[in-house]
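One letter stands for each residue in the lines below.
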Amino acid sequence: MSASSRVEVEIELNGQVIFDHVEPSETLREWLRRQGMFSVKFGSDSGETGAAAVLVDGHLASADVLLAAQASGHAVTTVESLNTEAELHPIQAAFAATGAMQSGYSAGAMILGTLALLKRTPDPTEVEIRDMLSGILDRETAYVKPVEAVKRAAIMMRGGATEPFTPMVLEPMTDGVNSVPHDPTSPIPQASGAVPRLIPSRDVPEMSVVGKPEIKVDAVKLAKGNPAFTDDIELRGMLHAKLLTSPHAHARIVDIDDSAALKVPGVHAVLHHNNVARIKYASGGQSWPNPHPHDQVSFDTKVRHVGDRVAVVAAETVEAAERARDLIKVTYEVLPAVFDEREAMLPGAPVIHDETDTEEIFDRSKNIVHEITASRGDVDAAMASAPHTFEQTFRVHQVQQCPIEPHISIAWLDEDERMVIRTATQVPFHTRRMVAPLLGMDIKDIRVIKPRIGGGFGAKQEMLIEDIVGHLAKATRRPVKLELTREEEFMSSRTRHPQTLTFRTAVDNDGTLIAQDLYLIGNTGPYGTHGYTVQTVTGLRGLTSYNAPNKRFHCDVVYTNIPVPGAYRGYGAPQAEFALEAHLEDVAREMGIDVIEFKRRNWVKVGSEIDIAPHLGERAVVEGELDEYPRVMSSGIEECVAQSLREIEWHRRDDLSWRQPADRPDIRRGLGFAFCMHGTAIPFLDMGGCSIKLNDDGSFNMLVGATDLGTGADTVLGQIAAEVLGVPLEDIKVYSSDTDMTPFDTGAYASSTTYISGTAAMQAAENVRVRLKERAAMLLDIDQPCTIELRDRRAWAPDGRSVSLEEVALDSLHWQDQEQIMGTSSYVSPECPPPFAAQLAEIEVDIKTGQVTVTKLVMAVDCGVAINPVTASGQVEGGMLQALGYAHCEEYAYDDDGRMINSEFGPYWIYRADEMPETVVYLVQTMEDSGPFGAKAVAEIPKDGVAPAVRNAILNATGVAINDLPFTPERVWRALQVAPITDNS
Amino acid sequence: MPLVAAYHRPLDVSEALSLLSEPHRVPLAGGTTINADRAHDPVEVVDLQALGLNTIATHPGELRVGAMATLQSMIDSDAVPPALSEIARAASPSTLRTIATVGGTIASRDSSSVLLAALLVHNAEVTLANAGVVTLEDLLATGVPTHDLIMHVTFDPTGPTAVASTARTPADNPIVAAVARRGADQVALTGVANTPVLVDAVNPTVGLAPPPDFRGSTAYRLELARVLTPRAVEAVR
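Residues numbered from 1 in each chain as written. Chains lettered and ligands numbered in written order. Predicted model: local features only at pLDDT ≥ 70, side-chain atom pairs only at ≥ 80, totals over all residues. Heavy atoms only, no water.

Trainee: How do you make sense of the overall build of chain B when you look at a structure like this?
Mentor: When its secondary structure is counted, chain B shows seven helices and 12 strands. Here the C-alpha atoms of chain B give a radius of gyration of 18 Å, agreeing with the 18 Å that 2.2 N^0.38 yields for 237 residues. When its C-alpha atoms are laid out on the principal axes, chain B stretches across 50 × 45 × 30 Å. Looking at chain B residue by residue over its 237 residues, the buried ones come to 56%. Averaging the coordinates of the 15 positive side-chain charges in chain B and doing the same for the 23 negative ones gives two points 8 Å apart. (Helix = DSSP H or I, 4+ residues; strand = E, 2+ residues; numbered from the N terminus. Rg over C-alpha atoms; globule rule 2.2 N^0.38 Å. Buried < 20%, exposed > 50% of the residue type's maximum accessible area, 1.4 Å probe, protein only. Lys, Arg positive; Asp, Glu negative; His and termini not counted. Charge placed at Lys NZ, Arg CZ, Asp CG, Glu CD.)

Trainee: For this particular structure, what's the right way to read the packing of helix α14 (residues 531-544) of chain A against helix α15 (residues 573-591) of chain A?
Mentor: Residue and element names in this part refer to chain A. Two elements in contact, α14 and α15, have axes whose closest approach is 8 Å; the angle formed by their N-to-C orientations is 35°. The two elements α14 and α15 meet at a crossing, and its hand is right-handed. Each of V537, T538, R541 and G542 in α14 lies in contact with α15, whose residues at this interface are A573, A576, E577 and L580. Across the contact of α14 with α15, the residue classes break down as four nonpolar, two polar and two charged. (Axes fitted to C-alpha atoms, helices over the stretch in contact; angles between N-to-C directions. Left-handed = near helix turned anticlockwise from the far one by under 90°. Contact = heavy atoms within 4.5 Å. Nonpolar A, V, L, I, M, F, W, Y, C, P; charged D, E, K, R; others polar.)

Trainee: It is not clear to me how the side chain of A:S134 should be interpreted in this structure. Could you clarify?
Mentor: With respect to the element layout, A:S134 can be found in the loop between α4 (126-133) and α5 (144-157). Ignoring any residue separated from it by four or fewer positions in sequence, one finds A:S134 in contact with A:R912, A:A913, A:D914, B:P93, B:S94 and B:R97.

Trainee: Explain the sheet that holds strand β9 (residues 251-257) of chain A here, please?
Mentor: The pairing of strands in a sheet happens through backbone hydrogen bonds and is either parallel or antiparallel. Residues and elements named next belong to chain A. In space, the three strands of this open sheet follow the order β11-β9-β13, with antiparallel pairing throughout. Of all the strands in the sheet, just β11 (302-303) and β13 (329-334) have a single pairing partner and so form its edges. In this structure, β9 lies alongside β13, joined through six bridges in antiparallel fashion. By the bridge assignment for β13, D255 is matched with T331. (Pairing = 2+ DSSP bridges.)

Trainee: Looking at this structure, I do not really get the nonpolar core. What am I missing?
Mentor: A general tendency of soluble globular proteins is for nonpolar side chains to be buried together. Residues and elements named next belong to chain A. Core analysis: the largest hydrophobic core is formed by 204 residues, its most contacted members being L28 and L32. Looking at which element gives the most residues to this core, the answer is helix α22 (residues 869-888), with nine residues. Non-local contacts of L28, meaning those with residues more than four positions away in its chain, are made with V54, V56, A63, L66, L67, A68, A71 and V76. Membership of the second largest hydrophobic core comes to 48 residues, among which are M207, F700, A765 and L772. (Core = buried A, V, L, I, M, F, W, Y, C linked by side-chain atoms within 4.5 Å.)

Trainee: Is there a simple way to explain helix α3 (residues 107-120) of chain A in this structure?
Mentor: The terminal C-alpha atoms of α3(A) lie 20 Å apart, and with 14 residues this matches the ideal 20 Å at 1.5 Å per residue to within 8%. Along α3(A), the residues that are buried comprise A:A107, A:G108, A:A109, A:M110, A:I111, A:L112, A:G113, A:T114, A:A116, A:L117 and A:L118. (Expected span 1.5 Å × (residues − 1).)

Trainee: Looking at this model, I keep getting lost on the sheet that holds strand β27 (residues 789-791) of chain A. Mind explaining?
Mentor: Residues and elements named next belong to chain A. Spatially, three strands are ordered β27-β28-β29 in an open sheet, and the strand pairing comes out antiparallel. The open sheet has two edge strands with one neighbour each: β27 and β29 (802-804). Here the average twist between neighbouring strands, direction ignored, is 25°. Relative to strand β28 (residues 794-796), β27 runs antiparallel, the two sharing three bridges. Bridge pairing links E789 to W796 in β28. Against the sheet, helix α20 (residues 753-780) touches β27, β28 and β29, its axis set at about 120° to β29.

Trainee: Quick question: what am I supposed to make of the packing of aromatic side chains here?
Mentor: Each aromatic ring pair is characterised by the separation of its centres together with the angle its planes make. Inspection of the entire model under this criterion finds 14 aromatic pairs over all chains. Ring plane angle 50° and centroid distance 5.1 Å describe the contact between A:W973 and B:Y220, whose orientation is recorded as tilted. Highlighted residues: A:W973 in helix α25 (residues 969-978) and B:Y220 in helix α7 (residues 218-236), drawn from two different chains. Pair check on accessibility: A:W973 and B:Y220 agree, each one buried. Here the aromatic cluster, defined as three or more aromatic residues joined through ring pairs, consists of A:F490, A:Y892, A:Y894, A:F905 and A:Y908. (Phe/Tyr/Trp six-rings, centres within 6.5 Å; stacked < 30°, edge-to-face > 60°.)

Next comes the structure, spelled out in structure tokens:
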């Protein structure tokens, strides 16, 4: 090979030899995508995510870290090689059947890995499967269902028969209301960990589509790696954008010199504060009007964290953009910075927002952006007179959502010169509204399209980079793409809020809670974005799970110079429930009461008022009382507790021989419990719309604004409509999240989609059903359309006659009194029915090193009626994985100047397939009358209980209480030095 | 996109050495490090894949692993003892161990590499194209000389080997690991110096001053060395 700049390569791609000339820097991933192999995804330049893994000479290999030139002379296989027929390859079919694909962003890599594994080992063990998956990071499935998919594929490839992948239905252990004693002799149900255990409710009627483990409606395109994601589009003349971000945590920009950058060949624009209008905004994707303060602009004269925006370049190649970016000369006046929320409020701390055009900062001199208060009863009096009072302070840390697909947006002006933004977002409609003033455009001239996205988890509940590509598209009149690198995703995207929480609790002699007082200092970083609402939810979750006549919440939301916290699945609840469930565990121990009995005595039950909730939030009742307070209307918590205690073998908690294994003297074992309660949507605020129309063949197009992040929302909403219309799911064609085409939806957050958008879908379908019945009655010559039933794609008269929906469609579209049968609806709820759950953890502690190993997680969830038990259990599994990382290993680490020193997955570390603890999910049905077909939320509650359950298990194992996260070895070891281990018997 | 100004694929060692004698040229083993690094200055890479250095061969009393043998090939080879094979597996996830090479691992001198620690306790020697045979311990101390190439690593594969380690999670890179081999006076430690080091099995922390990071302070790493060393020794007794 020669040393000329371009390299001649000969690569066998999917069986076909391709001769090409490549740049020496071009990676194999880039070359493959240039060949149209869109299944090969970007996750990071380091190859750590495995999203770009392909087969090279039959071996799984990350195409990010291979040069295209290195692949010359080798055979490369991508998942597209399997797409020779319309039907799915057996491996693809196995992934679809088991719910192994949520967003499906890394599905291609997993399927290829399976192909290679099964060729080598036709009947692999679970250890071998997990080892194969060890290089493909997944934040969505906890690897449980991918492992099941590989096992199923192995059977199929060997010619074996497979059964449909369905839940294991179990008998209830309780009457649904009362507790039962834990029975150590009760046998544990045996099934693969991927199989959800389903405990039906007698109140739920049998249905045809709802409640069934339907295959996701997007499964085929995900399994085949079809071009479905933001980056999977090719536009003529597209430019590539690169960000220049701040190296300083706090500095004033004295000067920007872009002259050298503009001279780089191929550069079309360099934007910064000198040439972009200063329009104030808040980036959090929330309903109008966005909560104040509006403390951001597209490009500011000041930077407030390492990674903050300084400038952006658009150029014809990534290399030119990077070269130009590096030539921008910025002169900074470096300012003192502060990172800890407690220090930021002290006298003398640097003032982070000293500009005059940001309004409604509570006390800018102390960096307090909001003060939030709410109370019920008289906490001070209750504390003064209570026989027992307790106080503890907890510190929770900063972590990242880590979607494997980083933020990416592409903007262009269409043929009508309207701005089109194709973007990985959870909030397309909010984004359209919020970006308009920044671009100086009307909302009507902007279209936001959300294609498939590779995970969001709250990070994409933000108008984060859409303004940048919009500015560049306007400036260059060319399509522009901006995709964050993994380091930028860590430093310039969004994170979970660190907090300091102090709980004070008053308890009567019999263990009844008298008062709860929570003082919260929330660290919102340098920008407000979700700062107000996340801390509000912390207060809500901290003070609504348990009944107490006196409650008080006081919160200071504080600016600091850390990378920006924002929305992260759970939205303030994981922080609250860690502190709350740890605190009450310790209170119970102090009181000498069994912890579950103590919590049971006080947790909310059916009929309990959720009395502080209306006094917190964006539309809170700040003064006075309400005539009526929301109440809990459904709860399956006792069934959750009974099932999960049996699964975890709770009696071992008091078994010293189990806790201190004789053959492992340095090991202590423990079990921990956490009670979990979450919300379902934001009442009176979250709204979703749906429109359904009938097609000639009796199928339906369903248009929803709801945003499927990989959660299965499109599938669940389709199932709801199919149930109403009496058709199989395959007859509902779902199109979602396009501001030009679909009805409005607030977006995918606040555990709202199934409940809010699902009700809209149900009502829209009901509207269609009314007209279908009327038209069918005409064809069947029946006077009373209401007597007609829709099922099996037909409209049935009471006398047994029927017409097909196709006949109804052809008649209504073409034959007589022609009309388009369609229905539309939108829904906003006055209710916020809480899902409940019991979270259990089994752990081991090495008392000499502090190393904690989590060996089993069990979660039993009452999410009402799970519309699709497979996707619902997948939500629980994935949520537990993220929550485990939060509890155990993930954390932002900084140097003294506020620079993150672990902005790669290796040093940051998220859980891999080959190290996951056993996870088991129970779905306990209850009938929530306010939800569509009885549904409540399921997406966020799995984030709430893992950290306190692990913490309480460490306490059970060692007798040592640790009140800071995460439970990394040195932190635990140091705690063990301070508080010597007891036998805890 | 990595900053690669030119790509070379020499067909024999002498051509590779000739290419590497020019400035701004670096050997490309697997690529998991250099191709992942976007911060370095532009370089020309010399891809070593065509040099035939990927064999794993047994000789009386020793095992010879070519510099371009991948970690996956160590796992797949019947000649590699099971304990070492497992260490190679744990060194890298499935998508990278098929690319990462033994030579690249040695050249990286990563302080936390358990594989390097294991090679140390097996008295590994490294053969360089120009400098000849050096002990792995010496090479880790000095690094691969400029313009030279690792040809292969040779070691005595006998004797059971055991690892005792502490990490955040089961598959995480250990904060500190101790690797012991039956019959050896010394134990190899990771995470306590700038490279894996051999230490006295009885007094493992003598002379150590581990560089701290966010996963472990100096004091904690020393404590881990004290705890993990006897565990590893005991495991091979």
